[in-house]
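# Coordinate inspection notes
For reference, the chains in residue letters:
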Amino acid sequence: MKVLITGITGFVGSHLAEFLLKMGSVEVYGIERWRSKTENIEHIKDKIILEECDIRDATSVTRTIKKIMPDKIFHLAAQSFVPTSWHAPQETLTTNIIGELNIFETIREMQINPWIQIACSSEEYGMVYPDETPIKETNTLRPLSPYGVSKVAQDMLGYQYNQSYKLNVVRTRAFNHTGPRRGDVFVESNFAQQIAKIEKGIQPPVIYVGNLEARRDYTDVRDVVRAYWLSTEKCQAGDVYNICSGKDWAIRDVLEILLSFSKVKVKVQQDPARMRPSDVMVLLGDNTKFSKQTGWKPEIPFEQTLKDLLSYWRERV
Ligand code: A2R
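Note that residues are indexed from 1 along each chain, following the sequence as it is written. Only residues with pLDDT of at least 70 are given local features in this predicted model, and only at 80 or more are side-chain atom pairs given and counted; all residues enter the totals for whole chains, interfaces and linings. For side-chain calculations, the full set of non-hydrogen atoms in the structure is used, while hydrogens and water are omitted.

### Side note on the sheet that holds strand S12 (residues 248-250)
- Only strands that DSSP links by at least two bridges are regarded as paired with each other. Helix and strand definitions follow DSSP, with helices as H or I runs of at least four residues and strands as E runs of at least two, each counted in order from the N terminus. Strand order in the open sheet formed by 3 strands is S12-S9-S14, and the pairing between neighbours is mixed. With one partner strand each, in any of the chains shown, S12 and strand S14 (282-283) form the two edges of the open sheet.
- Here strand S9 (residues 215-217) pairs with S14 via 2 bridges, running parallel. The residue bridging arginine 216 from the neighbouring strand is leucine 283, located in S14.
- Residues are treated as being in contact if the distance between any of their heavy atoms lies within 4.5 Å. Lines fitted to C-alpha atoms define the axes, with helix axes restricted to the stretch in contact, and inter-axis angles between N-to-C directions lie between 0 and 180 degrees. On the sheet, helix H8 (residues 251-260) packs against S9 and S12 and is oriented at approximately 80° with respect to S12.

Below, the structure written as structure tokens:
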């Protein structure tokens, strides 16, 4: 089986590639751009096949898919960072929406029908009222960032291309996920990196934080990529599924758990630059639909995930 991962150089893509390689029966293809940083996949580069492709360029996408002829596509490539979507909304919408459109149009015109998993997001739910949690797939979508809007559009395009052209699209809405290789712009990874720096004496013993009261539903990235695979094996084409643990943590808890793994004494200081213009206070998901359909359950405890994340940063700083 030939599997194409867009976004293979990224955080989730690199873990998915590892997962597929362990399965053994899959040829793993990925795309990279001429300036892509490939450090996340350096350890598996001789086991995967990389093609140069920018998803914003329709010619590039068509050429790549025609060359590979994949049986499954995991579409993870995106401008994935919410704060950047305020600074570069146009880039975010173009990459995320037009990029996906280019893939769908290629598949439609070629009249092939690979399974396509699209990485939608809990950020689509955006403004969630307290009586709406845990959030089901049927919740109203009220995105609070250009990123959230781009993911709603990706999600709806997936629905529409399934309805209109019978493309085998599975829409997954992942809630927060983390683990080794998470970019340091994400809060839990940033905390872990700061702790590792303080331990090595590179940073004074002050941790800079944003909103510690926000609550997020975290799943280990290794559980998430297993869920993505299962979504293409067991889910209904056209349908949408939450991928989440069903347990929420305040960002303050995340910081405290990470600090409990370290001997350093730190001062916690708020940094206004780390506050978002409009923040989602609680994102707690309901994974019943996906669990019933696939039998999936998260297996890695959150404390273990954070321990592995801190070890990752200790090795790197
Ligand atoms: O920046 P690159 O060249 O290393 O590749 C990134 C890729 N990407 C693109 N690939 C082709 N053409 C583009 N125009 C383009 N723009 C971005 O997307 C990288 O491989 C990937 C993003 O990786 P991360 O930022 O680490 O995202 P993460 O956390 O792995 O998220 C995966 C998916 C995304 O759709 C998120 O929006 C969703 O899960 O939550």
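### Some thoughts on the sheet that holds strand S4 (residues 72-75)
- Read from one edge to the other, the open sheet built from 7 strands follows the order S3-S2-S1-S4-S5-S6-S11, with strand pairing classed as parallel. The strands lining the two open edges of the sheet, one partner per strand, are strand S3 (49-52) and strand S11 (240-243). Taking each pair of neighbouring strands and ignoring which way they run, the sheet shows an average axis angle of 25°.
- Judged from the 4 bridges that link them, strand S1 (residues 2-6) and S4 form a sheet pairing that is parallel. Bridged to leucine 4 within S4 is isoleucine 73.
- Where helix H2 (residues 58-68) meets the sheet, its contacts fall on S1, strand S2 (27-32), S3 and S4, and the angle it forms with S3 comes to roughly 150°.

### Regarding helix H7 (residues 221-234)
- Multiplying one less than the number of residues by 1.5 Å gives the expected span of a helix. Helix length check: H7, at 14 residues, gives a terminal C-alpha distance of 20 Å against a target of 20 Å (1.5 Å per residue), a fit within 8%.
- When accessible area is computed with a 1.4 Å probe and restricted to protein chains, residues below 20% of their type maximum are described as buried, those above 50% as exposed, and intermediate ones as partly exposed. Most of H7 sits out of view: 11 of its 14 residues are buried.

### Structural notes on the site of the ligand
- The full set close to the ligand counts 21 residues, and Thr9, Val12, Ser36, Ser80 and Tyr147 are the nearest of them.
- Within the contact set of the ligand, an oxygen atom lies 2.9 Å away from a backbone nitrogen or oxygen of phenylalanine 11.
- In protein, a polar contact requires one atom able to donate a hydrogen and another able to accept it; more generally it is a pair of N or O atoms within 3.5 Å, and residues adjacent in sequence count only if both atoms are side-chain atoms. Between the ligand and the protein, one listed contact pairs a nitrogen atom with a side-chain N or O atom of arginine 56 at 3.4 Å.
- In isolation the ligand has 810 Å² of accessible area, and contact with the protein removes 85% of it.
- Of all the secondary-structure elements, those providing two or more residues to the shell around the ligand are helix H1 (11-23) and helix H5 (146-165).
- Residue polarity follows a fixed list, in which Ala, Val, Leu, Ile, Met, Phe, Trp, Tyr, Cys and Pro are nonpolar, Asp, Glu, Lys and Arg are charged, and the others, Gly among them, are polar. Split into classes, the residues belonging to the shell around the ligand amount to 10 nonpolar, 6 polar and 5 charged. We call a residue near a molecule or strand whenever a single non-hydrogen atom of that residue lies within 4 Å of it. Here the Shrake-Rupley method, with its probe set to 1.4 Å, supplies the accessible areas, and only the displayed protein chains count as covering residues.

### What to know about the domain arrangement of the chain
- Marked domain ranges trace back to an automatic or database domain assignment. Taken domain by domain, the chain holds domain 1 (2-177 + 220-243) and domain 2 (180-216 + 247-284 + 300-316).
- Between the C-alpha centres of domain 1 and domain 2 there is a distance of 26 Å.
- If you look at the interface, domain 1 gives 26 residues, while domain 2 gives 19 residues.
- Two parts placed together each lose some accessible area under a 1.4 Å probe, and adding up what both lose gives the buried area. Of the roughly 2100 Å² buried between domain 1 and domain 2 on both sides combined, carbon and sulfur atoms contribute 55%.
- Any Lys or Arg side-chain nitrogen found within 4 Å of a carboxyl oxygen on Asp or Glu counts as a salt bridge. Remark: the boundary between domain 1 and domain 2 carries 3 salt bridges.
- One salt bridge connects glutamate 39 with arginine 316, and the closest N-O pair in it is separated by 3.4 Å.
- The tally of links between domain 1 and domain 2 comes to 9 residue pairs in polar contact (both at pLDDT 80 or more).
- Residue assignment for the side of domain 1 that touches domain 2 shows that the elements contributing at least two residues are H1, helix H3 (82-87) and H7.
- At 4 residues, H1 tops the list of elements feeding residues into the side of domain 1 that touches domain 2.
- Looking at side-chain class alone, the side of domain 1 that touches domain 2 contains 10 nonpolar, 10 polar and 6 charged residues.

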